[in-house]
Amino acid sequence: MATVVDSSNPKSNFPIQYRELNYLNCSKGWKSWFFTLDHKRIGIMYLIGVTTSFFLGGLFAMLLRTELLSPSRILMGADSYNQMFTLHGAIMTFLVIIPGVPAAIGNIILPIMLGAKDVAFPRMNLGSFYLWMFGAFFFLAAIVLGGLDTGWTFYTPYSITTSTAVITALMGVFILGFSSIFTGLNFIVTIHTMRPPGMTWFKMPLFLWALYATALIQILATPVLGITGLLLIVERAFHIGIFDPALGGDPVLFQHFFWFYSHPAVYVMILPAMGVVSEVIAVHSRKHIFGYRFIAYSSIAIAAFGFLVWGHHMFVSGQSKVVAVVFSAITFSVSIPSAIKVFNWLTTMYKGSIHFTTAMCYGLSFIFIFTIGGLTGLFLATLATDVHLHDTYFVVAHFHYVMMGSSLVGLFAAVHHWWPKISGRMFNEYWGRIACLGVFMGFNLTFFPQFLLGTRGMPRRYYTYLPEFQNLHILSTMGAYLLGISSTLMVATLIYSIYHGKKAPANPWGGASLEWQCSSPPPGNNFDHPPLAGDPYVMESVVYNEEIGGYVPAECQGDNTGSVTASGDKEV
Amino acid sequence: MNTAATTTTDEHADSHDHEHHDPRLAHHFDSHQQQFDTGKLGIWLFLVTEVLFFSGLFGFYAVYRSLHPEVFLYASQFLDTVLGAANTVVLLFSSLTMAWGVRCAQLGQTRGLLVCLVTTLACAAIFLGVKSFEYTEKAHHGLLWAGMYQSPEHHEADAAAAPAAEHGETAEHAHTAAADHGDESLFEKTKHTLSYMTTVLWVVIVLAGIAFGVFIKKPGKMTLATVAGCVLISAFGMMLGTYASIGYHHFGHAEKPTDEEIQMAETVPAEYAKQKEKVPEPALAGTFFSVYFCMTGLHAIHIIGGMIAISWLIVRTVHGAFTTYYFGAVDFVGLYWHLVDLIWIYLFPLLYLIN
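So, a few notes on the structure that sits alongside this text.

The number of helices and strands found in chain B is 13 helices and 0 strands. Walking chain B from its N terminus toward its C terminus, one meets helices and strands in the order α-α-α-α-α-α-α-α-α-α-α-α-α. The buried share of chain B, taken over its 355 residues, is 40%. Within chain B, counting contacts between residues at least 6 apart in sequence, those at least 24 apart form 79% of the total.

Below you can see the structure in the form of structure tokens.
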């Protein structure tokens, strides 16, 4: 463990933010973690849980892709295949992407960005984590109790008649929904009531705007999923005839209810990643973000539009033509705020001093992948082409570009950007960038062939296919393997850094938002008193200090020369 | 010891914030005002999620009623408007006492707060008692959700067949049906089922009463005594609601009915039996009861949640937790209670008053 700075030592005459006692070592024992109310420790526990689920879901994906190497049986039969893709989808959606950036990274970073000691309701925050664990447990139980083969969408009437563990999985979804609601509620209240002096709404870092917009969706959409899941459970258990056509129920009504949540949920996945990229691009380009207000408003606009487009999942479900046209038109308009963000990020980089750090590499990958994912969405929003492309690999490729390629790459960018803050250690940039290149190449190799497959008529969720599709399927599987290896390398690099990494300075990248003002890792209470917040994107307010290996406030540059690093360790 | 508390102690070494020693102020807030505002915004957002949670059911109601208005017209006549109205009054009154309780908390009137909370709890229990009677009666009439629904016309056919053809096949069929129900009438059967519940309630009342009596004497057992008291009040309230409903129903049955009416009233609900011109039964009539049980059931779960929250408030009040500058919890539970009340205000006309 690092040496604790002796307070009598004049060199350690630092404000509390720079003290050596941090949230990781201020108390010990399993109880100090499992009953903690500290948002940072809860965030770490989320991060571990999300990573574990990610590898579980990833393992299913690898098995699926291996099976698809050939149209005939390789590893599993058709029924196992159905269960595999359902569990892959359900785990990745509910356990990884939705809690990924908000619950894991947001929990750690949001209060520090606000200069607050904690989120507004720390107990509810811990409760939300345990609900997540509980929901994950139900998912595992569903795997044990006969699997799940409905697809992650639980469409009726099949989900009423199948013999697999639908009720258990739905209980999991219901509980995870509440976990998500509590996180969102906590974030909105924290942002409203606990901003530090000087931080007006339009001086908040854009990551907070993104989390705010996300939380709005979490609060307004998730309860509808909760009641839908509950009704489906009751339908299966008691046959209430709400969704079951055999009893006069309406299966399309289920689709409406389901997508009323699940389409906004797509923005729960992507918005926080966009917020991360707004931070990463600005900090690593060493330049003030371009079009701050536009990015902030576009987050809210995406959240608002997100509620009005659910019908585009149902263009071929027999809804009325007028409704379909309206949904199509609104879907097109979502591209406006999305494009605003992309253009602003690009303009931020223009004439910036771009540092190709690992986080920036992931940020750039995000922009590239999101652009493709977003533009292919327009093909699907167009009624006529959607009839052709509906339920093909084109859709699979599109939503993987947005949900996996963008949301998860956003999560990777966030983890690398804030890793020094979270762990107090610097990871190896070389291996980090290699992993990033692998993820980027592997991802595109996996999913770009699927666009081609889809346009040629390969339906999604099929166990077998025509022989002429095999080459593209093999390409896709190879990409999946590369993606799997690279993600493992990424996690290995990060874990290695915990034990062998350099001590991180308080501000390794030169960010100007508040989280970079407290030490890495932060002390248990973050800040003794709310710090004064200024513009979070004035990169000139910090300057690089060779000895510390990180950035220090411009006005402190003189004081710290020849002293210890910000974190108190001796320089290597 | 948890991290937050440990670090708080740690920070106290050089903290100048004396307010932090106030146990009523959480360590991460600067002032009581901030703490209160935070909680207030939090509860309002929570209520938003509650409204949206119910919105799925209201959405389903809207879709089905517009598609099948005849189902709602036909089936809602089986709901007992008087019991529904009584429950509405009970809930409205409980909202009044809750609001009054919040006022007492703001003024620091602990005794008044306690009385108000206890009254609210009792009203909630009465509501549940009446609801238990309604559910039991529906169940015995076969008026259940779509999967379990038994047409009342079916009972009626049996009833009509019984006196007409004593020796025919239909009569035998009717007798079999009657044998299934036992010799008791449906109302008697309802009472019989409820008697299990009331027996349990009596046991609970006795046990909770003993516990209350024992613990109230011991100074260290105030929390246990209060919890026992809350259980006592809840059980007593439910008992009251159940017996009141049974009594009301007795009264309804006692208006010197003809034999035919008795026969009808025993097999189908009394109000339906009295009608001269009957609405023909539509297909899917059971869907109405699916809606009815889902909506009122979910509402009842919220009532139970509210009762737990109110009991928690009573325990805290007894311990003197609330002061003129710290009454947030009362306010927030109050808001929740008003929402639960408000949802019932919508449910009552939407389900009971269709005509």
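Still more to cover.
When helices and strands are counted, chain A shows 16 helices and 4 strands. Over its C-alpha trace chain A gives a radius of gyration of 24 Å, about what one expects of a compact globule, namely 25 Å for 572 residues. Each principal axis of the C-alpha distribution contributes one length, and for chain A these read about 80 × 45 × 45 Å. Sequence-distant contacts in chain A: of pairs separated by 6 or more residues, those separated by 24 or more amount to 81%.

Interface size, as often reported, equals the accessible area lost upon joining of the parts. Listed by partner, the interface residues are 41 residues for chain A and 34 residues for chain B. Element by element, the count of residues in the side of chain A that touches chain B is highest for helix H7 (residues 206-238) of chain A, at 10 residues. Among the residues forming the side of chain A that touches chain B, the class breakdown is 24 nonpolar, 12 polar and 5 charged.

With that settled, the discussion passes to the packing of helix H8 (residues 251-284) of chain A against helix H13 (residues 393-423) of chain A. Residues and elements named next belong to chain A. Contact geometry of H8 with H13 gives a least axis separation of 8 Å together with a crossing angle of 40 degrees. Put simply, H8 runs oblique to H13. The chirality of how H8 crosses H13 is left-handed. Residue-level inspection shows Val266, Met269, Ile270, Ala273, Val276, Val277, Glu279 and Val280 of H8 in contact with H13, the latter providing Val402, Met403, Ser406, Ser407, Gly410, Leu411, Ala413, Ala414 and His417.

Moving on, we come to the environment of B:Asp80. All names here are of chain B. Mapping Asp80 onto the fold places it in the loop between helix H3 (69-75) and helix H4 (81-107). Taking the C-beta count within 10 Å as the criterion, Asp80 has 22 such neighbours and is therefore assigned buried. As for Asp80 and Leu353, which are separated by 273 residues in sequence, their C-alpha atoms are 9.7 Å apart.

To continue, consider unusual backbone geometry. Residue and element names in this part refer to chain A. Residues Thr156 and Pro157 are joined by a peptide bond in cis, for which omega reads 0 degrees. Within the secondary structure, Pro157 sits in the loop between helix H4 (122-144) and helix H5 (158-161). The omega angle of the peptide bond from Ser520 to Pro521 is -10 degrees, so this bond is cis rather than trans. With respect to the element layout, Pro521 can be found in the loop between strand S2 (502-503) and strand S3 (542-545). With phi around 55 degrees, Phe154 is a residue other than glycine that occupies positive phi space.

The next thing to look at is the nonpolar core. Counting residues in each nonpolar core, the largest one holds 263 residues, and the members touching the most others are A:Ala169, A:Ile188, A:Tyr212 and A:Ala413. Ignoring anything within four residues of it in the chain, the contact list for A:Tyr212 reads A:Phe187, A:Ile188 and A:Ile191.

Mapped onto the elements, A:Gly291 comes out in the loop between H8 and helix H9 (292-306). Beyond its immediate stretch of four places on either side in the chain, A:Gly291 contacts A:Asn344 and A:Thr347.

This part covers the pairing of S3(A). Residue and element names in this part refer to chain A. In the sheet, S3 pairs with strand S4 (residues 550-553) via 4 bridges, with the strands oriented antiparallel. In the sheet register, Val543 faces S4, and the bridge partner there is Val552. Between S3 and the antiparallel strand that follows it, S4, lie 4 residues; Gly549 among them carries a positive phi value of about 80 degrees.

Rules used in this analysis
Residues numbered from 1 in each chain as written. Chains lettered and ligands numbered in written order. Predicted model: local features only at pLDDT ≥ 70, side-chain atom pairs only at ≥ 80, totals over all residues. Helix = DSSP H or I, 4+ residues; strand = E, 2+ residues; numbered from the N terminus. Buried ≥ 20, exposed ≤ 12 C-beta atoms within 10 Å, placed from the backbone. Contact = placed C-beta atoms within 7 Å. Rg over C-alpha atoms; globule rule 2.2 N^0.38 Å. Nonpolar A, V, L, I, M, F, W, Y, C, P; charged D, E, K, R; others polar. Axes fitted to C-alpha atoms, helices over the stretch in contact; angles between N-to-C directions. Parallel < 35°, antiparallel > 145°, perpendicular 65-115°, else oblique. Left-handed = near helix turned anticlockwise from the far one by under 90°. Core = buried A, V, L, I, M, F, W, Y, C linked by C-beta atoms within 7 Å. Pairing = 2+ DSSP bridges.

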